[in-house]
Amino acid sequence: DFCHEKVRQSKRADLEDGLTFLGFIVMENMIKPETNLCLKKLQDAEFATIMATGDNGLTAISVGRNCGIIDTHKPAYVADKVTCSNGKKVVKWTVISSFELDTEEIIKENTKENFEDNKTNGSSNSDSYDLSYDSQDYHEILIDPKCGNRDEKSNLVSEKFPWDEKLNCDFNQYEYAISGAAFEMLLKEIYNPNTPQAKAEMLKRIVLHTKVFSRMSPDHKAMLVNELQKAKDHMVAMCGDGANDCKALKAADVGLSLSEAEASIAAPFTSKIPNISPIIKLFREGRASLVTSFQLFKFIALTSLIQFTSTISLYSVISNLTSWQYLFVDLFVVFPSYFTMSKHGASKDLGSKMPISKLISSSVMTSVILQTLIQAVVQVSCILLLKQQSWYVSRDTFIHQSKLRCMENSVIFLVSIILYMNAVLMYSYGSTFRKPISTNKLMIGGLAFSVTFTCVIILNPPEYFTSLFELVEIPLDFKMKIVQITIASLGVSMIVEKFIRKYLE
């Protein structure tokens, strides 16, 4: 009888002595049904998909090929750290050229002693062959074990190895898998000041083109995230479900925990769904949130400039908007629109186009400047058109009734309300990253209220409204001209925004 403590103190050889072999127990961790579809969507959207796992290299290659992370038709170069008979540690590269990996090959690949014995005995018919890479012999480049004698160059998988720094090779012709220990050695070589620059750049290209990392410890995963972040224009998202993913989840730009255990503490986002499909929704929601934030910024900037233009225009005739007009515009037009515009849902599709990421950018500033000019032209044009009418009377006629009441005030108030609605439509329509404007019921309701109020002012304003907002009676045909001008300006604004989205974003 063995107790727990006695088992722990016993040697493995003693425990396995005198046993009868009955067979192998094969355990298979199947790929989840959602994985392939999710990875396909990410790749269609031009996301680089990388797998970092603690599993064996060949297992990782097999899973990577089955789920579409690496191409089944390309040879895969697998790197691992091994110790030679002289004690020197090198990076061993092995070619996996076929999709099917038989058991014998896997066993031989995982037996480091096989490699060391070949090095010691110099056997010519062994399964591993080394080719000298450089004067330091830091890397050992190996050919496919199935290729035969090392002296027969025709049996090499390729005479021009993809990591040869003297060759300008297309790295996309090959797939790469690197173990955690080899990855750490490669990084040391890359950042070694004595490493030639050409070689360091070549090794960095290999690391950045690698899609499968095996035998990765928590520190290795965090190092990988940091290396990807150092690359130009790389934003890194990390999915993990265990405690060994915490460091990488915390280091990544976007961390998604797929469990509510330890990983959820380090990750800013947590999903209760135990597969990687939530990352698609996270990207869609993130893009929609970013676009909505920029659109709201442009909306607030434009509405402020509309009101500024209105005030300056009325100052020219020694008038201004009344307190009730300011209150109505801010409380019942601008604020509800700002709130409801943020309720736009994310698009169902994850496209390859990226939203702009800088607030102070050519597209944002061009949009605000051009739309400001358009609305300013509309307001000034309406004032000039008003003064050309035969029935127009100056502010002096109404000075005894109110200091602010005049025809210019009534026209600008009506024009500004329509321009605010134009801004809502303009910055809510036609976004690639958000749902159509028709799905935002709250915003449609807010616009319906503003349109109803505008129609009341245009057609037959009640005495109460006229008195409260200090409006002056304006002929209906002129009001309709104002509506036509503002609707035409909406069309021009839409064309401008479409041009900006197409050529500047």
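Residues numbered from 1 in each chain as written. Predicted model: local features only at pLDDT ≥ 70, side-chain atom pairs only at ≥ 80, totals over all residues. Heavy atoms only, no water.

Between helix H12 (residues 278-315) and helix H15 (residues 407-426), the least distance of the axes is 10 Å, while the angle of their chain directions is 165 degrees. Relative to H15, H12 is oriented roughly antiparallel. The interaxial crossing formed by H12 with H15 has right-handed handedness. Along the contact surface, H12 presents Phe299, Leu302, Thr303, Ile306, Gln307, Ser310, Ser313 and Leu314, while H15 presents Glu408, Asn409, Ile412, Ser416, Leu419, Tyr420, Ala423, Val424 and Met426. Broken down by class, the residue content of the contact of H12 with H15 amounts to 10 nonpolar, six polar and one charged. (Axes fitted to C-alpha atoms, helices over the stretch in contact; angles between N-to-C directions. Helix = DSSP H or I, 4+ residues; strand = E, 2+ residues; numbered from the N terminus. Parallel < 35°, antiparallel > 145°, perpendicular 65-115°, else oblique. Left-handed = near helix turned anticlockwise from the far one by under 90°. Contact = heavy atoms within 4.5 Å. Nonpolar A, V, L, I, M, F, W, Y, C, P; charged D, E, K, R; others polar.)

On the surface, Phe297, Leu359, Ile360, Met365, Ile369, Leu370 and Leu373 cluster together to form a nonpolar patch covering roughly 620 Å² of accessible area. Looking at which element gives the most residues to the nonpolar patch, the answer is helix H14 (residues 362-387), with four residues. Its location among the elements puts Leu359 in the loop between helix H13 (323-341) and H14. Leu359 gets classed as partly exposed once you look at its relative accessible area, which sits at 34%. (Patch = residues over 30% accessible without salt bridge, like charges linked within 9 Å, V, L, I, M, F, W, Y side chains within 5 Å. Areas by Shrake-Rupley, 256 points an atom, 1.4 Å probe, with all protein chains shown as cover. Salt bridge = Lys/Arg side-chain N within 4 Å of Asp/Glu carboxyl O. Buried < 20%, exposed > 50% of the residue type's maximum accessible area, 1.4 Å probe, protein only.)

This part covers the packing of helix H16 (residues 441-459) against helix H18 (residues 476-503). Look at H16 against H18: their axes get within 9 Å of each other, and the N-to-C directions meet at 145 degrees. Counting all contacts with H16, which are made through Ile457, Ile458 and Leu459, the residues of H18 involved are Leu476, Lys479, Met480 and Val483. Counted by class, the contact of H16 with H18 contains six nonpolar, no polar and one charged residues.

The phi dihedral of Arg215 is positive, around 50 degrees, even though this residue is not glycine. Relative to the elements of secondary structure, Arg215 occurs in the loop between strand S7 (212-214) and helix H9 (218-230). Even without being a glycine, Ile318 presents a positive backbone phi close to 55 degrees. By the secondary structure assignment, Ile318 is in the loop between H12 and H13.

As far as function goes, none of this settles anything; it's purely spatial.
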